[in-house]
Amino acid sequence: MSEELLPERGTVSRAVIFDRYGDESVLRVVEVPVPAPAPGEVVVRVVAAALNPGEIGIREGVFAQMWPASFPEGQGNDFSGRVVEIGAGVTSLTAGDEVMAFKPRGGQADYVSVDVPHVARKPAELSWEAAAAIPGAGATAYAAVRAVAPVAGETVVVSAAAGGVGVIAAQLVRLAGARVIGTAGSHNHDFLRSLGIEPVSYGEGLADRIRNLTDGQVDAYVDTFGSGNVDIAILLGVDPARITTTADGLAAQRYGTRTDAQEEADTPEEWEAIADLVRTARLVVPIQQVFPLTEVQDAYRELAKRHTRGKLILRVS
């Protein structure tokens, strides 16, 4: 146990919850008991917690049939922090270890109890904010790119290439040696160029603009935004086996494309591989803005605009 980080048992900590479906206004920061670790768990004192677009749909009830809420429901998934208490049977971690972790609907809190298989070590050189984004957005991008298996000499399109998942996916494609075409608003074009990604404006006429850039040769397509991107990939002649979407399940069913996301890269080893790319400056995790935990409603309002460059993060401690 790390005495300086873990409060006396019986005291309270803060957590973000919602007790009904709705917009950002249903989110509240409340006091909850500090959790005790069950066997096979550790308690982490959270430093930073990431925001992800899918959390909006869960909170609004869009996925109620798939992931029904059990009110009051916690909020957030991926976070970084320090281990402060160890459960029975845990030998791979010790108090004081810096980690990144994933706790479905429970990561936005001062203290989180989490199963050891969902905890990875954070390199000391990695910022807390970047580490918080890796088990969610980083893992999703990693799985999506692996699903389409880009190789040197190919051309791959990544939609929403300046967004939290897209910007990581686009860089991973580039690291594989492929040419990357990234869809984005014009205000993000220079940013994408700085990462070695060729920008193209989204919106009406996107298929024609991609076709003109690539002479009609697109080998794979990573969709992180939805809004018809899978249809465009099919129109461009991309093999459905080399299309993956993290945002349009209906289109995936219609065409038989891939839907690989966080669940397909849900191991500490994969998270640590991504973290090592960031640590060695081969991959950038852009952070657009950091909000204090008490401003969680404002943070999700910003995320809902769907124009984020990289990630939005809550600073918890």
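Here the structure is a predicted model, which means the values were calculated and not measured. (Residues numbered from 1 in each chain as written. Predicted model: local features only at pLDDT ≥ 70, side-chain atom pairs only at ≥ 80, totals over all residues. Heavy atoms only, no water.)

**Thoughts on empty space enclosed by the protein**
Within the structure shown, the criterion is met by one cavity of 30 Å³ or more. A volume near 30 Å³ is recorded for the largest cavity. Contributing to the lining of the largest cavity are Phe 18, Glu 55, Ile 58, Arg 59, Gln 75, Gly 76, Asn 77 and Arg 105. Ranked by residue count, the leading element in the lining of the largest cavity is helix α1 (residues 53–60), at three residues. (1 Å grid on protein atoms, 1.4 Å probe; cavity = no way out; pocket = protein on both sides within 12 Å on 5 of 7 lines; lining within 4 Å. Points joined across faces, edges and corners; volume = space filled by probe spheres on them. Helix = DSSP H or I, 4+ residues; strand = E, 2+ residues; numbered from the N terminus.)

**Description of unusual backbone geometry**
Phe 71 connects to Pro 72 through a cis peptide bond whose omega is -5°. The residue Pro 72 is located in the loop between α1 and β4 (73–74) in this model. One non-glycine residue, Ala 281, adopts positive backbone phi at about 65°. Residue placement: Ala 281 occurs in the loop between α8 (268–279) and β14 (287–292). A positive phi angle, close to 60°, is found at Arg 306, a residue other than glycine. As for its position among the elements, Arg 306 is in the loop between α9 (296–304) and β15 (311–315). On the basis of relative accessible area, Arg 306 is assigned to the partly exposed category, the value being 44%. (Buried < 20%, exposed > 50% of the residue type's maximum accessible area, 1.4 Å probe, protein only.)

**Some details on the sheet that holds strand β13 (residues 243–245)**
A sheet is described by the order of its strands in space; here five strands give the open sequence β11-β10-β9-β12-β13, paired in parallel fashion. Both outer strands of the open sheet, β11 (198–201) and β13, are each paired with one neighbouring strand and no more. Direction aside, the axes of adjacent strands within the sheet are offset by 20° on average. Relative to β13, strand β12 (residues 220–223) runs parallel, the two being bridged by three bridges. By the bridge assignment for β13, Val 222 is matched with Thr 244. Strands in contact with helix α3 (residues 166–175) are β9 (155–158), β10 (179–184) and β12; relative to β9, the strand with the most contacts, it is inclined by about 175°. Docked against the sheet, helix α5 (residues 206–214) engages β9, β10, β11 and β12, running at close to 150° with respect to β11. (Pairing = 2+ DSSP bridges. Axes fitted to C-alpha atoms, helices over the stretch in contact; angles between N-to-C directions. Contact = heavy atoms within 4.5 Å.)

**A closer look at the layout of surface pockets**
Of the voids in this model, the second largest pocket is the one considered here, and its volume is about 260 Å³. The wall of the second largest pocket is formed by 17 residues, among which Ala 15, Val 32, Gly 74, Gly 106 and Ala 109 lie closest to the centre. Elements that contribute at least two residues to the lining of the second largest pocket include exactly β1 (12–18), β4 and β7 (111–115). Split into classes, the residues belonging to the lining of the second largest pocket amount to nine nonpolar, five polar and three charged. (Nonpolar A, V, L, I, M, F, W, Y, C, P; charged D, E, K, R; others polar.)

**Quick word on the packing of helix α2 (residues 128–148) against α3**
Between α2 and α3, the least distance of the axes is 8 Å, while the angle of their chain directions is 45°. For the element pair α2 / α3, the angle class is oblique. Pair α2 / α3 crosses with right-handed handedness. In this structure, α2 contributes Ala 137, Gly 138, Ala 141, Tyr 142 and Val 145 to the contact, and α3 contributes Ile 168, Ala 169, Leu 172 and Val 173. (Parallel < 35°, antiparallel > 145°, perpendicular 65-115°, else oblique. Left-handed = near helix turned anticlockwise from the far one by under 90°.)

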